[in-house]
Amino acid sequence: MLGQYMDNIDLHCIFCNHPCESLQHLFFDCSYAKSVWMLPPLEGLNFNLTSDSPFLSLYTNWITGNSTNNVIEIIATKCWLIWKERCLRVFQDKSASSLQLSMAVIRHIKFWSPSLLNNLSMNGESSQASDVARTLVVDCIMNPNINKRWLPPNLNQFKLNFDASWIDEKSIAGYGLIFRSATGTTVQAGSGAIFASSPEEAEALALLEAAKWATIMDFKHFWIEGDCKGVLDYAKVLSSTIHWRNQAIVNEAQRILKSCEHFLGFTFSQRSSNNVADVLAKHARKEGYYKQQWRQMPSFLSYA
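It should be emphasised that the depicted structure is a prediction, and the values quoted were computed from it without experimental measurement.

### Quick look at the environment of leucine 208
With respect to the secondary-structure elements, leucine 208 resides in helix α8 (residues 199-217). Remark: the alpha-carbon pair of leucine 208 and glutamate 252, spanning 44 residues in sequence, is separated by 7.1 Å. Among all residues touching leucine 208, those that are not within four sequence positions of it are Ile249, Glu252, Ala253 and Ile256.

### Side note on helix α11 (residues 275-287)
Counted at 1.5 Å a residue, the expected span for α11 with its 13 residues is 18 Å, and the 18 Å between its end C-alpha atoms agrees. Considered for burial, the residues of α11 that qualify are Val276, Ala277, Asp278, Val279, Leu280, Ala281, Ala284 and Arg285. As for α11, its buried residues are in contact with β1 (158-165), β2 (173-181), β3 (186-194) and β6 (291-294). Of the residues flanking the end of α11, it is glycine 288, one or two places downstream, whose phi is positive at about 75°.

### Observations concerning the sheet that holds β6
With mixed pairing, the 6 strands of this open sheet are ordered in space as β5-β4-β1-β2-β3-β6. Each edge of the open sheet carries a strand with a single partner, namely β5 (263-268) and β6. Looking at each pair of strands side by side, their axes are set apart by 15° on average, direction ignored. Two elements, β3 and β6, share 4 bridges in a ladder whose sense is antiparallel.

### Remarks on helix α5 (residues 98-112)
The terminal C-alpha atoms of α5 lie 21 Å apart, and with 15 residues this matches the ideal 21 Å at 1.5 Å per residue to within 8%. For α5, the set of buried residues is Ser98, Leu99, Leu101, Ser102, Met103, Val105, Ile106 and Ile109.

### Here's the deal with the environment of alanine 76
Residue placement: alanine 76 occurs in helix α4 (residues 71-91). Looking at alanine 76, the relative accessible area reads 17%, which means it is buried. Separated by 17 residues in sequence, alanine 76 and tyrosine 59 place their C-alpha atoms 7.7 Å apart.

### Some words on the packing of α8 against helix α10 (residues 244-257)
Interhelical geometry of α8 versus α10 gives an angle of 15° and a closest axis separation of 9 Å. Classified by the angle between their axes, α8 and α10 sit roughly parallel to one another. You can see that α8 and α10 cross each other, and the crossing is left-handed. Contact residues: Glu200, Glu201, Ala204, Leu205, Leu207, Leu208, Ala211, Lys212, Ala214 and Thr215 in α8; Asn246, Ile249, Val250, Glu252, Ala253, Ile256 and Leu257 in α10. When grouped by side-chain class, the residues that make up the contact of α8 with α10 number 11 nonpolar, 2 polar and 4 charged.

### Section: the nonpolar core
Membership of the largest hydrophobic core comes to 35 residues, with the highest contact counts inside it found for Leu160, Phe162, Leu207, Phe222, Ile224, Val250 and Leu257. Elements with a contribution of two residues or more to this core: β1, β2, α8, β4 (222-226), α9 (229-235) and α10. For this core, the element with the most residues is α8, which contributes 10 residues. Apart from the residues lying within four places of it in its own chain, the contact partners of leucine 207 are Phe162, Ile224, Val231, Ala235, Val250, Ala253 and Phe266. Phe28, Ile72, Ile74 and Val105 belong to the second largest nonpolar core, which has 21 residues in total.

### Remarks on the side chain of arginine 89
Its location among the elements puts arginine 89 in helix α4. Looking at arginine 89, its side chain comes within polar contact range of the main-chain oxygen of alanine 96, at 2.9 Å. Not counting residues up to four positions away in its chain, the partners in contact with arginine 89 are Ile14, Phe15, Tyr32, Lys94, Ser95, Ala96 and Asn154.

### Details of the packing of aromatic side chains
The full count for this structure, using the stated rule, is 10 aromatic pairs. Measuring from ring centre to ring centre gives 3.6 Å for phenylalanine 179 and phenylalanine 219, while their planes differ by 5°; the resulting arrangement is stacked. Pair noted here: phenylalanine 179 is in strand β2 and phenylalanine 219 is in the loop between α8 and β4, with a separation of 40 residues, a long-range link. On the accessibility criterion, phenylalanine 179 (3% relative accessible area) is buried. In this structure phenylalanine 219 comes out as buried when scored by relative accessible area, which is 6%. Site record: aromatic cluster; members linked through ring pairs are Phe158, Phe179, Trp213, Phe219, Phe222, Phe263 and Phe266. The ring of tyrosine 32 is capped by arginine 89, whose NZ or CZ atom sits 4.8 Å from the centre of that ring. Positioned above the aromatic ring of tryptophan 244, the side-chain terminus of arginine 245 is 5.7 Å from the ring centre.

Rules used throughout
Residues numbered from 1 in each chain as written. Predicted model: local features only at pLDDT ≥ 70, side-chain atom pairs only at ≥ 80, totals over all residues. Heavy atoms only, no water. Helix = DSSP H or I, 4+ residues; strand = E, 2+ residues; numbered from the N terminus. Contact = heavy atoms within 4.5 Å. Expected span 1.5 Å × (residues − 1). Buried < 20%, exposed > 50% of the residue type's maximum accessible area, 1.4 Å probe, protein only. Pairing = 2+ DSSP bridges. Axes fitted to C-alpha atoms, helices over the stretch in contact; angles between N-to-C directions. Parallel < 35°, antiparallel > 145°, perpendicular 65-115°, else oblique. Left-handed = near helix turned anticlockwise from the far one by under 90°. Nonpolar A, V, L, I, M, F, W, Y, C, P; charged D, E, K, R; others polar. Core = buried A, V, L, I, M, F, W, Y, C linked by side-chain atoms within 4.5 Å. Polar contact = N/O pair within 3.5 Å; in protein donor to acceptor, adjacent residues only side chain to side chain. Phe/Tyr/Trp six-rings, centres within 6.5 Å; stacked < 30°, edge-to-face > 60°. Lys NZ or Arg CZ within 6 Å of the ring centre and 35° of its normal.

Fair warning: the whole summary comes from geometry, so function is off the table for now.
Structure, rendered in structure tokens:
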């Protein structure tokens with residue numbers, strides 16, 4: 001886009017690194033955009049900007065008031081928020097998953113045109129989104145202020161969640177790790193016992209264990225997520241006041257992760273959405289075993 005008018009502009013797509021970030025690619029062909037279109041509301045719609053497409057004419061008629069087809073409002077909102085997400089990544093180094101963006105679309109429509117969502121009767125839409133995504137989005141519609149569920153990453157990406165369980169400096173602490181796909185499917189889970197002098201040190205050690213595990217398992221295209229903001233802020237090179245000894249632990253985790261192929265970065269989650277890793281950590285602390293690993297969800301996680 002800007003490359004047509006200015007020199008020294010990076011033409012690569014910020015989402016998927018495609019060599020040419022055209023309007024067609026950004027809003028419709030990019031893997032990130034496609035994952036947004038596959039989520040509610042109106043999942044599965046695929047408009048484009050080619051000359052024989054009705055998209056531009058539909059939008060023009062709607063914005064000038066010559067059409068009452070308000071479905072275009074949702075389509076335009078998705079395009080607008082994809083553009084905003086692109087700008088956030090370019091200028092502020094912030095990012096949201098396609099599921100989070102889908103929720104933002106619904107919150108926007110619910111605020112400005114609540115009757116539109118009701119008319120769509122979302123539960124009756126032909127679903128091409130995963131059950132996990134649909135459940136999360138319905139929760140968002142019913143109560144936009146809650147965020148108690150784990151948010152999956154984008155399509156073809158993974159998340160490695162970690163957590164620690166600590167009682168006191170004289171007792172064994174535990175860490176929990178779970179590696180899941182964009183559909184919420186558990187790929188691997190692991191946990192073990194550690195010794196730590198503080199809750200913060202336990203979280204830093206859990207992050208280090210996550211980094212080691214990612215290297216051993218040769219994980220690719222993944223994020224690491226936890227609920228200890230101080231540790232994660234330091235890992236993301238943000239302002240943090242964690243103890244210098246814990247800084248050294250996080251530095252070691254960062255060093256290890258540099259060897260992982262396509263490690264995507266660190267994300268923070270609320271404790272309530274990190275409950276599976278928390279249960280794993282508590283189980284390891286109570287059982288006191290050194291290390292354990294599962295290829296499927298262990299039975300004691302059935303309620304998590």
